[in-house]
Amino acid sequence: MYQPLRPSRSEHIALRTLRAHVRLWGEPAPGRVPLVLVHGWMDVSASWQFVVDALAREHFVIAPDWRGYGLTEAAPVDSYCFADYLGDLDFLLDHYAGDQPVNLVGHSMGGNVAMMYTGVRPARIRRLVNLEGFGSPEHRADEAPSRYARWMDELKQFHRGDMALAPYDSADGVARRLMRTNRRLPQDKADWLAREWAHATPRADGSLEWRIRGDAAHKTIFAQAMRVDEVLALYRAITAPVLAVEASDDSLSQWWKGRYTLADYHERLREIADCTVLRIDDAGHMLQHDQPLAVARAIEKFIA
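Conventions adopted
Residues numbered from 1 in each chain as written. Predicted model: local features only at pLDDT ≥ 70, side-chain atom pairs only at ≥ 80, totals over all residues. Heavy atoms only, no water. Core = buried A, V, L, I, M, F, W, Y, C linked by side-chain atoms within 4.5 Å. Buried < 20%, exposed > 50% of the residue type's maximum accessible area, 1.4 Å probe, protein only. Contact = heavy atoms within 4.5 Å. Helix = DSSP H or I, 4+ residues; strand = E, 2+ residues; numbered from the N terminus. Polar contact = N/O pair within 3.5 Å; in protein donor to acceptor, adjacent residues only side chain to side chain. Pairing = 2+ DSSP bridges. Right-handed = clockwise from strand over helix to strand, strands pointing away. Phe/Tyr/Trp six-rings, centres within 6.5 Å; stacked < 30°, edge-to-face > 60°. Lys NZ or Arg CZ within 6 Å of the ring centre and 35° of its normal. Salt bridge = Lys/Arg side-chain N within 4 Å of Asp/Glu carboxyl O. Lys, Arg positive; Asp, Glu negative; His and termini not counted.

## Observations concerning the nonpolar core
In terms of nonpolar packing, the biggest core is built from 70 residues, with Val36, Leu89 and Leu92 touching the most fellow members. If we ignore the near neighbours within four places in the chain, the residues touching valine 36 are Ile62, Leu89, Leu92, Leu93, Val102, Asn103, Leu104 and Val105. Trp25, Val61, Val105 and Ala283 belong to the second-largest nonpolar core, a separate cluster that totals 25 residues.

Shown next, in the form of structure tokens:
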């Protein structure tokens, strides 16, 4: 099994109305800019371990589990609101950085949060690295009735238990699941991640099953679609330099089948005053697992 070179330590802090779990590496020091890493949908803070191990220099690294993921409490809700991630990040930076600007890195959903947050609080971010946080296709106003209907239908599915996350018989089963999702993930890393991404719970008969550390309510769609004009306004408000990192595998073409493309995403990035696009070869959407050394080098070169 993979053995971390830089083991993390855990803290639990009060974050708004929830008890949040935060993973830390290194120590704060004068002149050392905090490096904040925020994970994506159905992921956990431990997902950053391979990148942290690949960093060439010492950093004070702060990686929270978002609400309803990992070891952070789930909100008492049956669906989540995207704006809450912005609020949670704001309170997290209050706690660990105060008025000090930070270097912020986000993956996927976390990248989308990071981009929007940097537009809302530009003075708080020194450098921003967005790993595959593409946003979503443009939604027309006339789609609102069907979207709200779908949201309400999914609430009922959630309450019936139809959205429950399937358990696994063993940690090995979780590891196999991770490797099916990501063909580049090696066995040793999958075995380690499985025990961070899921936990063992007893069944009624005394046997154990492994359950994903994620609230099934995350599977319901957001009731309100993200408006592209609002996103672009936030991008225009970003003052920090931005590094937009994308994998050689074109995730957008796989997900959206031409409805939203890399060319569309690059057009949106033109709204940012200082933005560089970087492609990492032999990597898919989970590029922090596939090419942690390349990701770590890109981050450190950009924030130097």
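Still more to cover.
## So, the side chain of arginine 124
Positionally, arginine 124 belongs in the loop between helix 3 (109–120) and strand 6 (125–131). At 2.8 Å, the side chain of arginine 124 forms a polar contact with the backbone oxygen of glycine 98. The residues contacting arginine 124, other than those within four sequence positions of it, are Asp90, Leu93, Asp94, Gly98, Gln100, Pro101, Val102 and Tyr117.

## Some remarks on the pairing of strand 4 (residues 61–64)
Burial along strand 4 is two-sided: the residues Val61 and Ala63 and Ile62 and Pro64 are all buried. Two strands pair when backbone bridges link them, and strand 2 (residues 18–25) and strand 4 are joined in this way by 4 bridges, in the antiparallel orientation. Residue pairing across strands places tryptophan 25 opposite valine 61, the latter belonging to strand 4. Bridging between strand 3 (residues 35–38) and strand 4 involves 2 bridges; their strand directions are parallel. Residue pairing in the sheet places leucine 35 in a bridge with valine 61 of strand 4. Regarding topology, helix 1 (residues 49–54) serves as the crossover connection from strand 3 to the parallel strand 4, and that connection is right-handed.

## Let's talk about the environment of aspartate 249
Position of aspartate 249 among the secondary structure elements: in the loop between strand 9 (242–247) and helix 8 (251–256). Separated by 237 residues in the primary sequence, aspartate 249 and histidine 12 have C-alpha atoms spaced 36 Å apart. Those residues in contact with aspartate 249 that sit more than four places away from it in its chain are Glu132, Arg183, Arg184, Gln254, Ala283 and Gly284. A distance of 2.8 Å separates a polar atom in the side chain of aspartate 249 from a polar atom in the side chain of arginine 184.

## What to know about unusual backbone geometry
Here the phi dihedral of lysine 257 falls at roughly 50°; this positive angle occurs in a residue that is not glycine. With respect to the secondary-structure elements, lysine 257 resides in the loop between helix 8 and helix 9 (262–269). Phi is positive for aspartate 282, which is not a glycine, with a value near 50°. For aspartate 282, the position within the fold is in the loop between strand 10 (275–280) and helix 10 (287–290).

## Side note on the packing of aromatic side chains
As enumerated under the stated definition, the model contains 8 aromatic pairs in all. Judged by centre distance (5.3 Å) and plane angle (65°), the ring pair of tryptophan 66 and tyrosine 85 falls under edge-to-face. Pair noted here: tryptophan 66 is in the loop between strand 4 and helix 2 (83–96) and tyrosine 85 is in helix 2, with a separation of 19 residues, a long-range link. Comparing tryptophan 66 with tyrosine 85, the two get one shared label, buried. On the numbers, 5.7 Å between centres and 80° between planes, the contact of phenylalanine 82 with tyrosine 85 is edge-to-face. Of the two residues, phenylalanine 82 and tyrosine 85, both sit in the buried class. A network of ring pairs unites the aromatic residues Trp66, Phe82, Tyr85 and Phe222 as a single cluster. Residue placement shows lysine 189 over the ring face of phenylalanine 50; its charged tip is 4.8 Å from the ring centre.

## Things to note about the environment of leucine 71
Assignment of secondary structure puts leucine 71 in the loop between strand 4 and helix 2. Owing to a relative accessible area of 41%, leucine 71 belongs among the partly exposed residues under this scheme.

## Looking at the pattern of salt bridges
Taken as a whole, this structure holds 27 salt bridges when the rule is applied. Of the charged contacts in the structure, one is a salt bridge between aspartate 94 and arginine 124, with a shortest N-O distance of 2.8 Å. Taken together, the residues span a long stretch of sequence, with aspartate 94 in helix 2 and arginine 124 in the loop between helix 3 and strand 6 at a distance of 30 residues. The shortest N-O distance in the salt bridge between glutamate 143 and arginine 259 comes to 3.7 Å. Of this pair, glutamate 143 sits in the loop between strand 6 and helix 4 (144–160) while arginine 259 is found in the loop between helix 8 and helix 9, placing the two residues 116 residues apart along the sequence. The partly exposed category is assigned to arginine 259, whose relative accessible area is 42%. Beyond isolated ion pairs, a larger network of salt bridges with shared partners links Arg16, Arg67, Asp84 and Asp88.

## Describing the side chain of aspartate 191
Mapped onto the elements of the fold, aspartate 191 is located in helix 6 (residues 187–197). We note that aspartate 191 is buried and unpaired, the nearest opposite charge coming from arginine 195 at a distance of 4.6 Å.

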